[in-house]
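Results of the structural survey
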Amino acid sequence: MASENLTTSSYIQHHLTNLTFGKLPAGYERADGEVFKDSAWTLAHSGQEAADMGLMAINLDTMGWSLILGVVFFVVFRGVAKKATSGVPSGMQNFVELVVEFVQDNVKSMFPYKNPMLAPMALTILVWVFLMNCMDLIAIDLLPLIAQKFGEYVLGADPHHVFFKVVPSTDPNITLGMAFFVFILILFYSIREKGIGGFLGELCLHPFSSKNMAVQILFIPINFVLEFVNLIAKPVSLGLRLFGNMYAGEMIFILIALMYGAGLLIGTFGGALQIIWALFHILIISLQAFIFMVLTIVYISMSYDTGEEH
Amino acid sequence: MNFNLTFIGQMIAFGVFVYLVMRFIWPPILAAMEARQKAIEEGLSAADRAAQDLDLAKDKAAQKLRDAKAEAANIIDMANKRSSQIIDEAKEQAREEGERLIVLAESEIDQERNRARESLRRDVSAIALAGAEKILGSSIDAAKHSELLDKLAAEL
């Protein structure tokens, strides 16, 4: 455990709080009694402060790791792409081509239209989300501990104020951010392929329709409510599914980590559990990355689908 | 777990990475893969073509062999014919030569006989003269009796 005087609940709390940099309003009183005269940008010292920052804040840890992993993904794949040979591929190129081919097969089987952006996006999602999920397999206290020591001795911060969540996909901002990017694309392609009228028609004239004009007008609001919820549910479920799975997995790792502090016997048992859960988690990690990719392809494909029944 | 700017940040980051992948990663890798696919396809079709060519060449070779055999048989036939012809010609020539030699020899023999007869005729007259001289016991005037003797000789 990170610190000797941590209680169980504060340990969990600490692990679930992001390193948040944001704007605290004027007149805000911090936990240590410091009062801001003007609004100021600062690091949150507690979960409460992070929450009080509201929208004008950014989670440095998850955002940072997300960017680092994205860059890792880009550098590795770019390195291969630069040296890509049509002759006999070397080890790394084999692996990259395997992934690319897998993505392309999926896109081809689910998306019968032409779009130069979808396959690269699917590849980005698969690898990036997988890497983000993979951070869950690194020992739960390792990176936060390093960050804490770094913060304490290099930056001179209070170790209790250094929060560090290393798994970007356990941050709903990250998963929903990606999901809503997909949502914007869904709206964009829907309107581009069907026109505004077609898109609104899909929202309003479906699933209930009638030949009678008056009845049809009556149906429009009902249809709209149903279809609008349907539409909004896509990005929300896409983002929250990934978040929920990874958050739950992370939570179980935290709980298992708690057992290490409860004596030799339970600690050993916890170690065994940790290994079993990590093995099982490998499945979840890859599966969730795959699901995110597949659903993105399916949703975009649906937005292209003009459909005969409307 | 607060909803904040990270949401927007991740959206922008996602968009940027998608763009980067679309621009710098996807096309070269796919191009390499497609080029390899094409090369393999071409290799396979070249192998097919080579096999076809081989079959064709085999057929051609067999055909050539058949032609050559036929020609050889033809040549042998012709040679046989020619040889028998030559033999026939040679035989004919030999026969002609033989006949010619025979004719020559016969004429030579005739000539010889005539010459012998001539000389014999000449000798006979002399012998007859000498015999007659002996019988008559006197010489016969050659000039006186030459007319008689010539007549005798002509009768021989």
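Above: the structure in question.
Presented here is a report on the structure given in the accompanying data block. Remember, it's a predicted structure, so these values are computed and weren't measured experimentally. Numbers given for residues are sequential positions, taken from 1 along each chain in its written order. Chain A is the first chain written and ligand 1 is the first ligand written, with later ones labelled in order. With the structure being a predicted model, the display of local features is reserved for residues of pLDDT at least 70 and the display and counting of side-chain atom pairs for 80 or more, all residues being used for whole-chain, interface and lining totals. In computing side-chain values, all of the structure's heavy atoms are included and hydrogens and water are not.

**Overview of the overall build of chain B**
Just so we agree on the cut-off: Each helix is a run of DSSP H or I of at least 4 residues and each strand a run of E of at least 2, with the numbering of both proceeding from the N terminus. The globule rule used for comparison is 2.2 Å times the number of residues to the exponent 0.38, while the radius of gyration itself is calculated over C-alpha atoms. Categorising residues by exposure relies on relative accessible area from a 1.4 Å probe, with only protein chains included: less than 20% of the type maximum marks a residue as buried, more than 50% marks it as exposed, and the intermediate range marks it as partly exposed. Only the protein chains shown count as cover for residues, and all accessible areas are computed by the Shrake-Rupley method using a 1.4 Å probe. When charges are counted, Lys and Arg are positive and Asp and Glu negative, with His and the chain ends excluded. Every charge is mapped to an atom, namely NZ of Lys, CZ of Arg, CG of Asp or CD of Glu.
Across its full length, chain B carries two helices and zero strands. In summary, chain B has a C-alpha radius of gyration of 60 Å against a globular reference of 15 Å for 156 residues, an excess of more than 25%. Dimensions of chain B, computed from the C-alpha atoms along their principal axes, are close to 190 × 25 × 20 Å. Looking at chain B as a whole, 15% of its 156 residues are labelled buried. Total accessible area computed for chain B in this model is approximately 12,000 Å², and 61% of it derives from carbon and sulfur atoms. Seen as two clouds, the 22 positive and the 27 negative side-chain charges of chain B have centres 6 Å apart.

**With respect to the overall build of chain A**
Where we set the bar: Contacts between residues were defined by any pair of non-hydrogen atoms, one from each residue, lying within 4.5 Å.
Looking only at helices and strands, chain A features nine helices and three strands. The N-to-C order of helical and strand elements in chain A reads α-β-β-α-β-α-α-α-α-α-α-α. C-alpha atoms of chain A, sized along the principal axes, occupy 70 × 60 × 40 Å. Counting all 310 residues of chain A, 46% fall into the buried class. Within chain A, contacts between residues at least 6 apart in sequence are counted, and of these 68% link residues at least 24 apart. Total accessible area on chain A stands at roughly 15,200 Å², and carbon and sulfur atoms take up 70% of it. The positive charge centre, built from 15 side chains, and the negative charge centre, built from 23, are 10 Å apart in chain A.

**What about the environment of A126 of chain B?**
Residue and element names in this part refer to chain B. In this structure, A126 sits in helix α1 (residues 6-136). For A126, a relative accessible area of 44% puts it in the partly exposed group. On a C-alpha basis, the gap between A126 and A153 in space is 9.5 Å, while along the polypeptide they are 27 residues apart.

**Some points on the interface of chain B and chain A**
For an interface, size is often stated in terms of accessible area lost upon the parts coming together. Quick reminder of the rule: One side-chain nitrogen of Lys or Arg within 4 Å of one carboxyl oxygen of Asp or Glu is enough to make a salt bridge. Identification of polar contacts relies on pairs of N or O atoms within 3.5 Å, with a donor-acceptor requirement for protein atoms, meaning one able to donate a hydrogen and the other able to accept it, and with residues adjacent in sequence counted only if both atoms are side-chain atoms. Note on residue classes: Ala, Val, Leu, Ile, Met, Phe, Trp, Tyr, Cys and Pro are nonpolar, Asp, Glu, Lys and Arg are charged, and everything else, Gly too, is polar.
The partner chain A presents 58 residues to the 28 residues of chain B that form the contact. Counting across the chain B and chain A interface gives one salt bridge. Between E97 of chain A and R36 of chain B there is a salt bridge, and its shortest N-O distance comes to 2.8 Å. At the boundary of chain B with chain A, the tally comes to 11 residue pairs in polar contact (both at pLDDT 80 or more). Tallied by class, the residues present in the side of chain B that touches chain A amount to 21 nonpolar, six polar and one charged.

**Description of the packing of aromatic side chains**
All names here are of chain A. The condition is simple: A pair of Phe, Tyr and Trp rings is counted when the ring centres sit within 6.5 Å of each other, with Trp represented by its six-membered ring. The angle between the planes then sorts it: under 30 degrees is stacked, over 60 is edge-to-face, the rest tilted.
Scanning the model with the defined rule gives 20 aromatic pairs over all chains in all. Ring geometry for F180 and F183: centres 5.7 Å apart, planes at 75°, overall edge-to-face. Residue F180 and its partner F183 are located together in helix α7 (residues 172-204), separated by three residues, close to a single helical turn.

**Examining the packing of helix α5 (residues 118-134) of chain A against helix α9 (residues 264-304) of chain A**
All names here are of chain A. Quick note on the threshold: Helix axes are fitted to C-alpha atoms over the stretch in contact, other axes to C-alpha atoms as well, and angles between N-to-C directions run from 0 to 180 degrees. Angle categories: roughly parallel below 35 degrees, roughly antiparallel above 145, roughly perpendicular from 65 to 115, and oblique for all the rest. Working rule for handedness: look at the near helix, and if it is turned counterclockwise from the far one by less than a right angle, call the crossing left-handed; if clockwise, right-handed.
One way to put it is that α5 packs onto α9 with a least axis distance of 8 Å and a crossing angle of 155°. Comparing the axis directions of α5 and α9 gives the class roughly antiparallel. Here α5 runs over α9; the crossing is right-handed. Counted together, L118, M121, A122, I125, L126, V129, F130, N133 and C134 of α5 and I285, S286, Q288, A289, F290, F292, M293, T296, I297 and I300 of α9 form the full contact between these two elements. Its residues assigned to classes, the contact of α5 with α9 comprises 15 nonpolar, four polar and no charged.

**With respect to the sheet that holds strand β3 (residues 57-59) of chain A**
All names here are of chain A. Our working definition: At least two DSSP bridges between two strands are needed for those strands to be called paired.
In spatial order, the strands read β2-β1-β3; together these three strands make up an open sheet with antiparallel pairing. The sheet terminates laterally at β2 (40-43) and β3, the two strands that pair on one side only. Adjacent strand axes in the sheet meet at a mean angle of 20° when their direction is disregarded. As paired strands, strand β1 (residues 20-24) and β3 are joined by three bridges and run antiparallel to one another. In the strand pairing of β3, T20 is matched with N59.

**A look at a negative patch on the surface**
Residues and elements named next belong to chain A. So the rule is basically this: Excluding any residue in a salt bridge, patches collect residues exceeding 30% relative accessible area, merging like charges within 9 Å and nonpolar Val, Leu, Ile, Met, Phe, Trp and Tyr side chains within 5 Å.
A surface patch of like charges, here negative, comprises E29, D32, E34 and D158. Relative to the assigned elements, E34 resides in the loop between β1 and β2. Under the relative-accessibility criterion, E34 is labelled partly exposed at 40%.

**Overview of the pairing of β1 of chain A**
Bridge count for β1 of chain A against β2 of chain A is four bridges, and the pairing is antiparallel. Within β2 of chain A, the residue paired with G22 of chain A across the bridge is T42 of chain A.

**Brief notes about the packing of helix α3 (residues 60-82) of chain A against helix α4 (residues 91-110) of chain A**
Residues and elements named next belong to chain A. One can describe the packing of α3 onto α4 by two numbers: an axis separation of 10 Å at closest approach and a directional angle of 105°. Between α3 and α4, the crossing angle belongs to the class labelled roughly perpendicular. Contact residues: α3 offers V76, F77 and V80, while α4 offers M92, Q93, V96 and V99.

**Observations regarding helix α8 (residues 213-259) of chain A**
Residues and elements named next belong to chain A. The line we're drawing: For a helix, the expected span equals 1.5 Å multiplied by the residue count minus one. Fitting axes to the seven residues that end at a residue and to the seven that start at it, the angle between those axes gives the bend at that residue.
Across its 47 residues, α8 extends 67 Å between first and last C-alpha, which sits within 8% of the 69 Å expected from 1.5 Å per residue. At F219, α8 shows its strongest bend, of approximately 30°, with the proline P221 following within four residues. The opening residue of α8, the one whose side-chain oxygen lies 3.1 Å from the backbone nitrogen of A214, is N212.

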